[in-house]
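As a plain string of letters, each chain reads:
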Amino acid sequence: MTWIERWRQEGGGRELMRLALPLILSSSFMTLQVFIDRAMLSHYSSNAVAAAMPAALLYWTPFLLLQNIANYATTFVAQYMGAGRPERVGPAVWQAFYFSIVAGIAFLGFYPLAPYLVALGDHSPPVQELEITYFRCLCFAGFPALIVATANSFFAGRGDSWTVLLVDAVGLSVNAILAYCWIFGRFGMPSLGIAGAGWATVVGSSISALLAVTLILRPKWRERFHTLSGWRFDPDLFRRLMRFGFPNGLQWMLDVLAFTVFLFLIGRLGDVELAATNIAFTINMVAVIPMLGMGQAVSILVGQRLGQDRPQIAERSTWNGFGLAWLYMGTIAVFYALTPGLFLFIFQGKGAEAEGVAALVPVLLRFVAVYSLFDSMNLTFSFALRGAGDTRFVTILSLALAWPIMVVPSWAAWYYGWGIYWAWTFASVYVIALGFTFLLRFRAGKWKTMRVIERTPVEMPPEPTLAPVPVEA
């Protein structure tokens, strides 16, 4: 078979890229949003850009738990579609909506806790004040963002990734325009600094949520997928969403929690080290976040193929996804290592502190270049396992590796004065270990027998029949 035939075959690269391209662009919008906010804030003040990443991580740590529970409806939708049961799609999405409404309202409970949570980082008082402001703004973005995650699961699980792109593009556009106006006070609007970036995120997420809900309730979807008539609460379906979705969300939360603690430890080394690490992580998103779209596409195709009971095609899609992800991240890694100034010029500020940051970032990007090659394994194979329903293993692995390999050694690097390079070494080793472990789990093949959806009566094994009892004469 020629490479062209492999590309065009079922489970080949063409099928994967057709689904992945809009998701990659959509994920890139997230990167672009963060990039735009950080770039604007870096021109506003060094303290603002230093505060933005810790506050955002503080927000994302609990939010990712909720978002990835809600968005795990994508796997249910994909497997129902693969099994030829579109009437179950609407009810599955509605269970995620119920969860998102309650969770989004409850998320506001973090607002009064902001000073106490920010104080855990022990950053300088001016930076802490800005962190509190930004985090409190983001608390109001939780509710609409969860609605977007749920609605997008309906479109992504069916393979309609272009609609996901539309919803996210509209939100990004609103966010970027308002951030420019509210950070710097353009067009007669007040200059709000980091608060302007936060409120722009809230409004952009709200516009995306309104658009997504409007699209999901279109008449053609209501008829085929029961997106309106399937509104009733289904206890069994809701429990299964929590059973598989909660470990999925917990893994994301634990991973971000580990990196948040890592970032707080870096902050104790100094404001220059913190700002440089924030910028390096932001630049790293150029490689990582777009590949989340590739991972999502792999997860969807795995779910659909397992719904069809065709795990061999799911495996082929996964390996194609890994090859494409590695090629992309390897290319970006070359630019990180050889031309760091290509990325750094966007974040250039003024003053002696900014010069120290500019000198440190290129060194940190060399660490990023190394672990990015292995992060492609992490993204591809972990998403494949999620698409099958192997979410508990993914969660246990993150907990087992992050703290002993990255967090505790990074604390030692701060406590004993080893410096920032040792801390980044431990973070790189963690990413590499995670990627290899996910690869081994995928190769073991247990995921091929997993399903998240209930079996239909036709699939149920027949009840055993008892031999007739002989009647005595």
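Procedures and definitions
- Residues numbered from 1 in each chain as written.
- Predicted model: local features only at pLDDT ≥ 70, side-chain atom pairs only at ≥ 80, totals over all residues.
- Heavy atoms only, no water.
- Helix = DSSP H or I, 4+ residues; strand = E, 2+ residues; numbered from the N terminus.
- Rg over C-alpha atoms; globule rule 2.2 N^0.38 Å.
- Buried < 20%, exposed > 50% of the residue type's maximum accessible area, 1.4 Å probe, protein only.
- Phe/Tyr/Trp six-rings, centres within 6.5 Å; stacked < 30°, edge-to-face > 60°.
- Core = buried A, V, L, I, M, F, W, Y, C linked by side-chain atoms within 4.5 Å.
- Contact = heavy atoms within 4.5 Å.
- Axes fitted to C-alpha atoms, helices over the stretch in contact; angles between N-to-C directions.
- Parallel < 35°, antiparallel > 145°, perpendicular 65-115°, else oblique.
- Left-handed = near helix turned anticlockwise from the far one by under 90°.

**Section: the overall build of the chain**
At step 1: If you tally the helices and strands in the chain, you get 18 helices and 0 strands.
At step 2: In terms of overall size, the chain behaves like a compact globule, its C-alpha atoms giving a radius of gyration of 23 Å where 473 residues would be expected to give roughly 23 Å.
At step 3: In terms of its C-alpha atoms, the chain occupies a principal-axis envelope of roughly 105 × 50 × 45 Å.
At step 4: Sorting the 473 residues of the chain into buried and exposed places 57% on the buried side.

**Some words on the packing of aromatic side chains**
At step 1: In this structure the tally under the stated criterion is 42 aromatic pairs.
At step 2: Judged by centre distance (5.2 Å) and plane angle (70 degrees), the rings of tryptophan 319 and phenylalanine 381 are edge-to-face. Of the two residues, tryptophan 319 sits in helix H14 (residues 311–338) while phenylalanine 381 sits in helix H16 (residues 352–388), which places them 62 residues apart along the sequence.
At step 3: Judged by its relative accessible area of 0%, phenylalanine 381 is buried.

**A closer look at the nonpolar core**
At step 1: Counting 153 residues, the largest nonpolar core has Phe76, Ile283, Tyr336 and Trp424 as the members making the most contacts within it.
At step 2: For this core, the element with the highest residue contribution is helix H13 (residues 271–307), accounting for 19 residues.
At step 3: With near-sequence residues (within four places) excluded, phenylalanine 76 lies in contact with Ala92, Leu237, Arg240, Leu241, Phe244, Val452 and Ile453.

**Side note on the packing of helix H5 (residues 89–106) against helix H12 (residues 235–269)**
At step 1: One can describe the packing of H5 onto H12 by two numbers: an axis separation of 9 Å at closest approach and a directional angle of 70 degrees. In terms of orientation, H5 lies roughly perpendicular with respect to H12. Considering the relative orientation of H5 and H12, their crossing is right-handed. Between H5, through Pro91, Ala92, Gln95, Ala96 and Phe99, and H12, the contact on the second element is made entirely by Leu237, Phe238, Leu241 and Met242.

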